[in-house]
Amino acid sequence: MSHTGRHFLQIPGPTNVPDRVLRALSAPTIDHRGPEFVKLTREVLDGLKPVFGTSGPVIIYPSSGTGAWEAALVNTVAPGDKVLCFETGHFATLWRDMALKLGLDVDFVPGDWRRGANPQTVRERLEADTDHAIKAVMVVHNETSTGVTSRISEIRAAIDAAAHPALLLVDTVSSLGCMDYHHDAWGVDVTVCGSQKGLMLPPGLGFNAISEKAQAAAGKIDRARSYWDWEPIIEANRSGAFPYTPATNLLYGLREALAMLHEEGLPNVFARHARHAAAARAAVRGWGLDLQCADEREYSSSLTAVRMPGESGADRLRQIILDRFDMSLGNGLGRLKDAVFRIGHLGHFNDLQLAGTLSGVRMGLHLAGVPIKDGGLDAALDHLQSN
Ligand SMILES: *Cc1c(COP(=O)(O)O)cnc(C)c1O
């Protein structure tokens, strides 16, 4: 079937890129060692700091989020070092797999993919580690496979309560620019991010915000690293340069996306995401369907993962919605394959896009023969109308 109008890209990343950003990306590529580039570097590095909530360095890589994961690990921990992480879902599992491949000794706390990392468990594991063998705690802030957000400030408090020196490494690939986040105030040592979700850019940039403690650890660990090494990048950034060719045009886009976030105001950006997420949940509840997230303190503002009832397959539903209404929804990942579908409501988004998205979901559920109650769509619209 041929389609007209805009495709609805409602996966939780990559997200819709604003026209302003697309136009910025299309500017001619310039000399990355020239004076104009120095200005661009300074602008994006300064503009990123408030988004991460840090006054320290933010490293930009020409990479996907996975590269930024690797950078966080190879700069802070050496083969044989112990790390603590939590099975919150597919992305936490992939990061664990990477830690194993990098030769780390991984303590992976099992989970049911419906809850975030438990702060009490963090405290217990660290208190039991009396000789401080654990060098880092790795947490995915927003688990994109489940729509569950871990409570980072409570995890920080748990580490402090255990008086443990482990570094705190946090993945914010699908939460930064969507949900309140404070690298400095929450005592995070490395914040990992990518460009293609809340930052409204195409894929291709990876980020590490780093604390002084993390930088000091990087100076001491014994492990080979080169491309991901923070030190030469921090050094080059001081004069507005990079040690190797940066992703020039993506940096133009980043400058524009940061301008948009700052024009709207970060508190407004977060409130908008929270409001859209609440409306999406109102729809899901109204239809009589279940959310994948089992703890209301941990609802994601970026996406909503919906459990398919009975024997209905999520992938067939998504296929019907794609064919009929030209909308892409997120699939179930890993052990949730075919069992959930995910509605992305992050990034460049507004009320009527959400209304359109939820309309497409409702029509798709009917067409797929999934038994749902009436009233879900109205519940969402009422939420948008009155909040
Ligand atoms: C998307 C995502 C990643 C992976 O990023 P890539 O750019 O695909 O490498 C990692 N963590 C989370 C939480 C994500 O949502």
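If you're wondering where the values come from, they're calculated on a predicted model, not measured in any experiment.

Caption draft 1: Summary view of the overall build of the chain. Summing up its helical and strand segments, the chain has 13 helices and 14 strands in all. Over its C-alpha atoms the chain spans a radius of gyration of 21 Å, differing by no more than 12% from the 21 Å that the globule rule assigns to 387 residues. The C-alpha extent of the chain, read off along each of the three principal axes, is 60 × 55 × 35 Å. Looking at the chain as a whole, 58% of its 387 residues qualify as buried. Nonlocal contacts in the chain, meaning residues at least 24 apart in sequence, comprise 73% of its contacts between residues at least 6 apart. Only carbon and sulfur atoms are counted for the fraction: they give 51% of the accessible area of the chain, which is about 15,400 Å². Distance between charge centroids for the chain: 2 Å, based on 38 positive and 44 negative side chains.

Caption draft 2: Spatial organisation of the side chain of H141. Structurally, H141 can be placed in the loop between β5 (134-140) and β6 (142-143). There is a polar contact of 2.8 Å between the side chain of H141 and the side chain of S175.

Caption draft 3: Representation of the site of the ligand. Neighbouring the ligand are 13 residues, the closest being T66, T144, D171, Q196 and K197. Between the ligand and T66 there is a distance of 2.5 Å, counted from an oxygen atom to a side-chain nitrogen or oxygen. Contact distances for the ligand include 2.6 Å between an oxygen atom and a side-chain N or O atom of K197. It is helix α3 (residues 65-74) that provides the largest number of residues to the shell around the ligand, a total of 3 residues.

Caption draft 4: Spatial organisation of the environment of R33. You can see R33 is positioned in the loop between α1 (19-25) and α2 (35-52). In this structure, the C-alpha to C-alpha distance between R33 and T4, residues 29 residues apart in sequence, is 43 Å.

Caption draft 5: A look at the domain arrangement of the chain. Split into domains, the chain comes out as domain 1 (8-15 + 266-386) and domain 2 (19-262). For domain 1 versus domain 2, the distance between C-alpha centres works out to 27 Å. Residue-level contacts link 31 residues of domain 1 with 34 residues of domain 2. Interface area for domain 1 against domain 2, summed over the two sides, is near 2,600 Å², with a carbon-plus-sulfur share of 56%. Summed over the shared surface of domain 1 and domain 2, the number is 2 salt bridges. With its nearest N and O atoms 3.0 Å apart, the salt bridge here joins R151 to E298. At the surface where domain 1 touches domain 2, the tally comes to 14 residue pairs in polar contact (both at pLDDT 80 or more). When residues of the side of domain 1 that touches domain 2 are traced back to their parent elements, those giving at least two are α10 (266-286), β12 (303-307) and β14 (340-344). A per-class count over the side of domain 1 that touches domain 2 returns 15 nonpolar, 10 polar and 6 charged.

Caption draft 6: Just the sheet that holds β14, in detail. Within the open sheet, the 3 strands sit side by side as β11-β12-β14. Their pairing is antiparallel. The strands lining the two open edges of the sheet, one partner per strand, are β11 (290-291) and β14. Of the strand pairs in this sheet, β12 and β14 are connected by 5 bridges, and their pairing is antiparallel. Each residue of the ladder has a partner; that of R307, found in β14, is V340.

Calculation criteria
Residues numbered from 1 in each chain as written. Predicted model: local features only at pLDDT ≥ 70, side-chain atom pairs only at ≥ 80, totals over all residues. Heavy atoms only, no water. Helix = DSSP H or I, 4+ residues; strand = E, 2+ residues; numbered from the N terminus. Rg over C-alpha atoms; globule rule 2.2 N^0.38 Å. Buried < 20%, exposed > 50% of the residue type's maximum accessible area, 1.4 Å probe, protein only. Contact = heavy atoms within 4.5 Å. Areas by Shrake-Rupley, 256 points an atom, 1.4 Å probe, with all protein chains shown as cover. Lys, Arg positive; Asp, Glu negative; His and termini not counted. Charge placed at Lys NZ, Arg CZ, Asp CG, Glu CD. Polar contact = N/O pair within 3.5 Å; in protein donor to acceptor, adjacent residues only side chain to side chain. Near = heavy atom within 4 Å. Domains from an automatic or database assignment. Buried area = accessible area lost by both parts, 1.4 Å probe. Salt bridge = Lys/Arg side-chain N within 4 Å of Asp/Glu carboxyl O. Nonpolar A, V, L, I, M, F, W, Y, C, P; charged D, E, K, R; others polar. Pairing = 2+ DSSP bridges.

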